[in-house]
Amino acid sequence: MGRGTLRIYLGAAPGVGKTYAMLAEGHRRTERGTDCVVAFVEHHGRPRTEVLLHGLEQVPRRGLEYRGAVFEEMDVDAVLRRDPAVALVDELAHTNVPGSRNAKRWQDVEELLAAGIDVVSTVNIQHLESLGDIVESITGVRQRETVPDEVVRRADQIELVDMSPQALRRRMAHGNIYAPDKVDAALSNYFRPGNLTALRELALLWVADRVDEYLNEYRSEHRVSAIWGSRERIVVGLTGGPEGRTLIRRAARLAEKGAGGEVMAVYIARSDGLTSASPKELAVQRTLVEDLGGTFHHVVGDDIPAALLDFARGVNATQIVLGSSRRKAWQYVFGPGVGATVARDSGPDLDVHIVTHEEVAKGRGLPVARGGRLGRARILWGWAVGVAGPVVLALGLNTVGLGLANDMLLFLAVTVAAALLGGLLPALASAAFGSLLLNYFYTPPLHRLTVADPKNIVAIAIFFGVGMSVASVVDLAARRTDQAARLRAESEILSFLAGNVLRGETSLEELLERVRETFAMESAALLERESDVAPWTCAGRAGFGPPLERPEDADVDMPVGDHMALALTGRVLPAADRRVLAAFAAQAAVVLERRRLQEEADQARTLAEGNRIRTALLAAVSHDLRTPLAGIKAAVTSLRSDDVAWSEEDQAELLKGIEEGADRLDHLVGNLLDMSRLQTGTVTPLIREIDVDEVVPMALGGVPEDSVDLDVPETLPMVAVDPGLLERSVANLVENAVKYSPPGRRVLVAASAIADRVEVRVVDRGPGVPDEAKERIFEPFQRYGDAPRGAGVGLGLAVARGFAEAMGGTLTAEDTPGGGLTMVLSLCAAGPRPEPLPAAEFRTEPERHTI
């Protein structure tokens, strides 16, 4: 029996219709006569989904008891005994209750597939393991229930179930997804339009990438080398010149004309070190292409046209955009140029666009030396002209008699040509070889190496001397040109590098990556040690390859002071490049020192903040402690006075004032001590699992009766918190809400589950807080607006947030619909949840209590 097939319905968020589509597929297969059963489907009280369950056979579930409650899970053994052709399994990323056959539902599905049963399942994009960090950055919620990407990628079919954010929110508002009492919380949290749009884009991109993988696998299996234009991929060839920006913008416009167009800018660097491209211009072009939604690639290759075409075919590109050549007309004698070569060798599947720009025919920048001053090709041409040229010329002159003077001038022209092309050595060889041929063929006596006329000896000597002189001048000019070009390239690199470092725009890792790319190395690392005998440690690293333990293990090492070195691996660096490498090494040391100074500055800033807090603390003690102390002092003095006979009512009133003043002092001192612990980092939470409904009611003892409505369902998952810190946080939030609520309007304290977190929401109907002040109210010693005297020193919210963050939670403020302020305390859930969804769904209605 072969392995079963897996079909997955992928959605961007709960409620888009994955389960509905899966059940509809089950009905279609049943109508075709396929043996299809429901192994596990949860309709979550959605009537349309529940209706689709009718008419499909459902395998009984297995009940498991956990922490005093009974949970239902898929009975894998029952499904295997039933042995259907197709099994419908909902929520692939679900975590099974402890005691189940497998820890995860996707592992249950793997057993069914191994038994030859086809499986149709569902999963949301946020549950893919590789996307956890991205989803958390979008929604602020870390998904604990995940499924390995490989499980989903191995699926035989992946179908995207899509819905616009507006339509999904309408479904939510109409009660088609969650219970009515959970709609407001869901719409204002997980189901915000921005969240849904970002998750939708994530799902679309993931599916598109998967389609690309299918296509690449097919092309590889069937050995398809031709380019298939299923998607416009445009490669932009950059030279590092200013015309690159024009090319990138032109390519972006071409990509916009096709659906799903992609722009990839590529710069081909030679493998032998520094290049003539401007690093500053390349950095600008990299930023431009990334801003336009494309990608930048740095490729090493000596044959630029071949490397560009190999890259384009490797990424299945459909178009190449190049700029018109900057070479002057006479420079075409050395070859047709990159654009013409790429257009000639591109074949019928690659369209090549040659874009005009302002730099056309203005000349190319002088190249930086790469081992030879004139380049290998020019030297080879020089030797060919210097050695073969005199022979060809001699054969031609043997048929035409022009006289010795003319023959000597023609041989001199060949020597000058060899000097212009190949430099000193080919010109010397041409002069020597030409002198022998002149002597043998054209100087009497002919066909002998002797010279009869002394004047001819002088002529041959002058010829040889002029050839040597011309060769020396050409070689010197090439040397000076090489030096000028190299110095220009080095100055551009160093000025751009120094500017970035001085402005603080480059981190150590970015600088090391630039070193690696500039010198075409495999890796670059900055090593340091505390003393001459101490071991080396790596302060920063870029590239690939094994980590270095000593600078001596690298191919190139550049000392920076006594106890620091820049180490590179990949190849031996020419001595001419070490001057620039030394500058990079010095700048790396500066960046490292700046980073450490920044850390010290942050520490100093923390100390300064602590001093500010202590100063404010003293001011608060001198001001806010004085009022209750004065009241207590006055009441005690009155009671101790023998001059006045106080009635029982008066005594009771004075004692009540003493008690209230003492309570204020106790609350104030408690907050001051808590803030001091938070500022000094001495808060050590004792995390344990506990139910929210055990802690929240205990936090309401300090508020007046009939001032708070409590809505904390008993079915909530347990939370991993410090009960004492949670109680203090909730107490401060409730006291603050009661303080600002208008008379007769109760504060609502509600709790709900969202994904792997539990939210406690404290809702008041007070004046509210504008958006620009919502973060400021959490700072110590802040009292918003016209808070009355005696309202405290403004530490309650700061302490609440500090305790929440110490427990791994968050505390934020948002507007209450209809007016007021809502404090949202988000806590980490512990253990399995009844429903693994981004918002809690309960089968029983929660009870509401009034305190």
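Computed from a predicted structure; not experimentally measured.

A few words on the overall build of the protein chain. When helices and strands are tallied, the protein chain shows 24 helices and 25 strands. Residue burial in the protein chain is summarised as follows: out of 851 residues, 46% are buried. With an accessible surface of roughly 42,200 Å², the protein chain has 55% of that area assigned to carbon and sulfur atoms.

This next bit is on the packing of helix α23 (residues 723-740) against helix α24 (residues 796-806). With their axes 9 Å apart at the nearest point, α23 and α24 run at an angle of 150° to one another. Taken as axis vectors, α23 and α24 run roughly antiparallel relative to one another. Considering the relative orientation of α23 and α24, their crossing is left-handed. Taken together, the residues of α24 that come into contact with α23 (itself represented by Leu725, Arg728, Ser729, Asn732, Leu733 and Asn736) are Gly796, Leu797, Val799, Ala800, Phe803 and Ala804. Class assignment for the residues of the contact of α23 with α24 results in 7 nonpolar, 4 polar and 1 charged.

For helix α10 (residues 244-256), spanning 13 residues, the distance from its first C-alpha to its last is 19 Å, which sits close to the expected 18 Å at 1.5 Å a residue. Among all positions of α10, only Gly244, Leu247, Ile248, Ala251, Ala252, Leu254 and Ala255 are buried. Seen end-on, α10 carries its buried residues on one side only, within an arc spanning 160°.

Quick look at the environment of Arg801 now. Checked against the element boundaries, Arg801 lands in helix α24. Among residues more than four places away in sequence, those in contact with Arg801 are Glu775, Phe778, Leu811 and Thr812.

Okay, a negative patch on the surface next. Judged by side-chain charge, Glu648, Glu649, Asp650, Glu653, Glu659, Glu660, Asp663 and Asp666 come together as a negatively charged surface patch. Structurally, the position occupied by Glu653 is in helix α21 (residues 648-680).

A few words on the packing of helix α12 (residues 304-314) against helix α13 (residues 338-345). Running from amino to carboxyl end, α12 crosses α13 at an angle of 45°, the nearest separation of the two axes being 9 Å. Taken together, α12 and α13 sit at an angle that is classed as oblique. Considering how the two elements wind past one another, α12 and α13 form a crossing that is right-handed. For the pair α12 and α13, contact is made by Ile304, Pro305, Leu308, Leu309 and Arg313 and by Val338, Thr341, Val342 and Asp345, respectively. Here the contact of α12 with α13 is built from residues that sort into 6 nonpolar, 1 polar and 2 charged.

A positive phi angle, near 50°, is found at Asp83, a position not held by glycine. For Asp83, the position within the fold is in the loop between α3 (76-82) and β6 (86-89). The partly exposed category is assigned to Asp83, whose relative accessible area is 43%. The phi angle at Glu91 is positive, at roughly 55°, despite the residue not being glycine. Positionally, Glu91 belongs in the loop between β6 and α4 (105-114). Using a relative accessible area of 13% as the deciding quantity, one classes Glu91 as buried.

Let's shift gears to the pairing of strand β19 (residues 708-711). On β19, burial covers both faces: Val708 and Leu710 on one face and Asp709 and Asp711 on the other are all buried. As defined by bridge partners, β19 adjoins strand β21 (residues 747-754) across 4 bridges and the pair is classed as parallel. By the bridge assignment, Asp711 is partnered in β21 with Ala750.

Turning our attention to the confidence of the model for the protein chain. With 77% of its residues at a pLDDT of at least 70, the protein chain reaches an overall mean of 77. By mean pLDDT, strand β25 (residues 849-850) is the weakest element of the protein chain at 35, and β6 is the strongest at 94. Confidence drops under pLDDT 50 across residues 363-372; counting only partners more than four residues distant or on other chains, this segment forms 24 contacts.

Looking now at the sheet that holds strand β15 (residues 537-543). Spatial ordering of the open sheet is given by β15-β14-β17-β16, a layout of 4 strands whose pairing is antiparallel. Among the strands making up the open sheet, the edge pair consists of β15 and β16 (556-559). The mean angle between the axes of side-by-side strands here comes to 15°, regardless of whether they run parallel or antiparallel. Sheet topology places strand β14 (residues 523-528) next to strand β17 (residues 564-569); 6 bridges connect them, and they run antiparallel. Looking at β17, one finds that Ser523 is bridged to Thr569.

Our next topic: the sheet that holds strand β3 (residues 57-58). Here we have 6 strands laid out as an open sheet, ordered β3-β2-β6-β7-β1-β8, and parallel in their pairing. Edge strands, defined here as strands with exactly one partner in the open sheet, are β3 and β8 (157-161). As defined by bridge partners, strand β2 (residues 36-40) adjoins β6 across 4 bridges and the pair is classed as parallel. Across the sheet, Val37 pairs through a bridge with Ala87, a residue of β6. The sheet contacts of helix α1 (residues 18-31) involve β1 (6-11), β2, β6, β7 (118-124) and β8, and relative to β1 the element is tilted by about 150°.

Glancing now at the nonpolar core. With 59 residues, the main nonpolar core has Leu88, Leu112, Ile125, Val147 and Trp206 as its most contacted residues. Element by element, the count of residues in this core is highest for helix α9 (residues 193-221), at 6 residues. Ile690, Ala731, Leu825 and Leu827 belong to the second-largest nonpolar core, a separate cluster that totals 44 residues.

Ring pairs (aromatic) are described by centroid distance and by the angle formed between their planes. In total, this model carries 0 aromatic pairs according to the counting rule given. A cation over an aromatic ring shows up here: Arg61 above the ring of Phe40, its NZ or CZ 4.2 Å from the ring centre.

What follows is about the pattern of salt bridges. When the charged atoms of two side chains lie near each other, side chains of opposite charge can form a pair. Applying the stated criterion across every chain, the model contains 29 salt bridges. One salt bridge connects Glu509 with Arg595, and the closest N-O pair in it is separated by 3.6 Å. Here Glu509 is found in helix α18 (residues 508-518), whereas its partner Arg595 is found in helix α19 (residues 578-624), with 86 residues between them in sequence. Judged by relative accessible area, Glu509 falls into the partly exposed class, the value being 35%. A residue is classified by how much of its surface remains accessible, and Arg595, at 32% relative accessible area, is partly exposed.

About the thresholds
- Residues numbered from 1 in each chain as written.
- Predicted model: local features only at pLDDT ≥ 70, side-chain atom pairs only at ≥ 80, totals over all residues.
- Heavy atoms only, no water.
- Helix = DSSP H or I, 4+ residues; strand = E, 2+ residues; numbered from the N terminus.
- Buried < 20%, exposed > 50% of the residue type's maximum accessible area, 1.4 Å probe, protein only.
- Areas by Shrake-Rupley, 256 points an atom, 1.4 Å probe, with all protein chains shown as cover.
- Axes fitted to C-alpha atoms, helices over the stretch in contact; angles between N-to-C directions.
- Parallel < 35°, antiparallel > 145°, perpendicular 65-115°, else oblique.
- Left-handed = near helix turned anticlockwise from the far one by under 90°.
- Contact = heavy atoms within 4.5 Å.
- Nonpolar A, V, L, I, M, F, W, Y, C, P; charged D, E, K, R; others polar.
- Expected span 1.5 Å × (residues − 1).
- Arc of directions from axis to C-beta.
- Patch = residues over 30% accessible without salt bridge, like charges linked within 9 Å, V, L, I, M, F, W, Y side chains within 5 Å.
- Salt bridge = Lys/Arg side-chain N within 4 Å of Asp/Glu carboxyl O.
- Lys, Arg positive; Asp, Glu negative; His and termini not counted.
- Charge placed at Lys NZ, Arg CZ, Asp CG, Glu CD.
- Pairing = 2+ DSSP bridges.
- pLDDT = per-residue confidence, 0-100.
- Core = buried A, V, L, I, M, F, W, Y, C linked by side-chain atoms within 4.5 Å.
- Phe/Tyr/Trp six-rings, centres within 6.5 Å; stacked < 30°, edge-to-face > 60°.
- Lys NZ or Arg CZ within 6 Å of the ring centre and 35° of its normal.

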